[in-house]
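# Breakdown of the fold
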Amino acid sequence: MPGTCSIITYHYVRELSETRYPRICGLTETNFRGQLDYLARHYRFVTLDEVLDACHGSRELPPNAAVLTFDDGYLDHYTNVFPLLDRMGIQGWFFPPVCAVDERRVLDVNKIHFVLASVESTRELLDSVFARLDRLRVDGHEIESNEALFERLAVAGRFDGPELVFVKRLLQRELPERPRAAVVDDLFRHFVTDDETAFARELYVSRDQLLTMRRHGMVIGGHGYSHRWLDTLPEDQQAFEIESSVAFLESLGVSMERWVMCYPYGAHNESLRRICAGAGCGLGVTTETAIARMETSQALEMPRLDTNHLPTDASATPSPWTIEIQKQPA
Ligand SMILES: [Zn+2]
């Protein structure tokens, strides 16, 4: 029976209440430390080499193997995460998109986060969005009417009311890519800042920081060039995204024999996986929620858990995800 590995996903890790955007959804440093203690108690941290070997049958992982992965290249990861992992001898896997580091552009997904963390009221946000959609229609973009869009997309979510769900769905995926980027950018300039470069400098790691992390044994993996939904792109653009990632990682001195790819939004398809494999990618991680099985056929679509699936206190009752691996024969 193949082994398993709990690959855990992190995004923002910061003392939220002490930042300018306390409404950003993330893990506090205190809770991150608590979660590390919990994991150290119940899991064994493993490395990329061990996972790759296990996937290809040449090594077995301990039954309670775990890996920590950090998406999007936030500066949080360098300042708040890396020193702790380094001290504890844990190898973290970090996935910075090229354009955030090299061009100091703020990813659309982050623009949306900070717009939502900045607006005073949902009403104001909704009015702003509708006004921008109206303008796009005047400019000739074919977009459904505001009423039809709202009718289709506004449903109450687990944590958000229908208005907020509407805005998130519209801006994250539903509008066609070009007008979507335009609206997101416009809202970001209006509600957050018109100095995207300065904002990106404060939000993302630098090349030097990534080099330091790599020298200390951290894994730097691919997260594409521009953080788009790669499953929706034609093959030549998929290839561009992967080639840019490869060139970026090479320039950081990452060994490209068996590198690891994290698909933005977890979105991948057959052609993308083929391009990745052709470029020497040995492992791909997604956003599907499950404990990963170490099987060669799964290597390019490894599911992960989210930090929210696990406790943030060493003495907490084990979560169902932990009980699940403890049940398996050693
Ligand atoms: Zn991402």
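Residues numbered from 1 in each chain as written. Predicted model: local features only at pLDDT ≥ 70, side-chain atom pairs only at ≥ 80, totals over all residues. Heavy atoms only, no water.

## Description of the environment of F130
Its location among the elements puts F130 in helix α6 (residues 122-138). Note: C-alpha distance between F130 and S145 (15 residues apart in sequence) is 9.4 Å. For F130, the residues in contact, after removing those within four places along its chain, are N146, F150 and F166. (Helix = DSSP H or I, 4+ residues; strand = E, 2+ residues; numbered from the N terminus. Contact = heavy atoms within 4.5 Å.)

## Considering the coordination of the zinc ion
Protein-derived coordination of the zinc ion comes from D72 (OD), H223 (NE2) and H227 (NE2), at a distance range of 2.0 to 2.2 Å. In terms of primary sequence, the donors binding the zinc ion are separated according to D-x150-H-x3-H. Taken together, the residues span a long stretch of sequence, with D72 in the loop between β3 (65-71) and α3 (75-88) and H227 in the loop between β5 (219-220) and α12 (235-251) at a distance of 155 residues. The class for H227 is buried, based on a relative accessible area of 7%. (Donors = N, O, S within 2.8 Å, 3.2 Å for Na, K, Ca; no water. Buried < 20%, exposed > 50% of the residue type's maximum accessible area, 1.4 Å probe, protein only.)

## With respect to helix α10 (residues 196-203)
Each turn of an α-helix holds 3.6 residues, which means side chains three or four residues apart point in the same direction. Along α10, the residues classified as buried are E196, F199, A200 and L203. Buried residues of α10 fall within an arc of 100° about the axis and therefore sit on the same side. Of the exposed residues in α10, the ones pointing more than 90 degrees away from its buried face are R201 and E202. In this structure, the buried residues of α10 make contact with α3, α5 (108-116) and α9 (177-191). (Arc of directions from axis to C-beta.)

## Focus: the pattern of salt bridges
Tallied over the entire structure, the rule returns 24 salt bridges. Among the ionic pairs, D76 bridges to R14, the shortest N-O distance being 2.9 Å. Of this pair, D76 sits in helix α3 while R14 sits in the loop between β1 (4-10) and α1 (29-42); the two residues are 62 residues apart in sequence, bridging distant segments of the chain. Where E196 meets K111, a salt bridge forms, and the shortest distance between an N and an O atom there is 3.4 Å. Taken together, the residues E196 in helix α10 and K111 in helix α5 connect sequence positions 85 residues apart. What emerges from the salt-bridge pattern is a single network uniting D49, D53, R59 and R258. (Salt bridge = Lys/Arg side-chain N within 4 Å of Asp/Glu carboxyl O.)

## As for the side chain of S128
The residue S128 is located in helix α6 in this model. Once you skip the residues sitting within four places of it in the chain, S128 turns out to touch L187 and F191.

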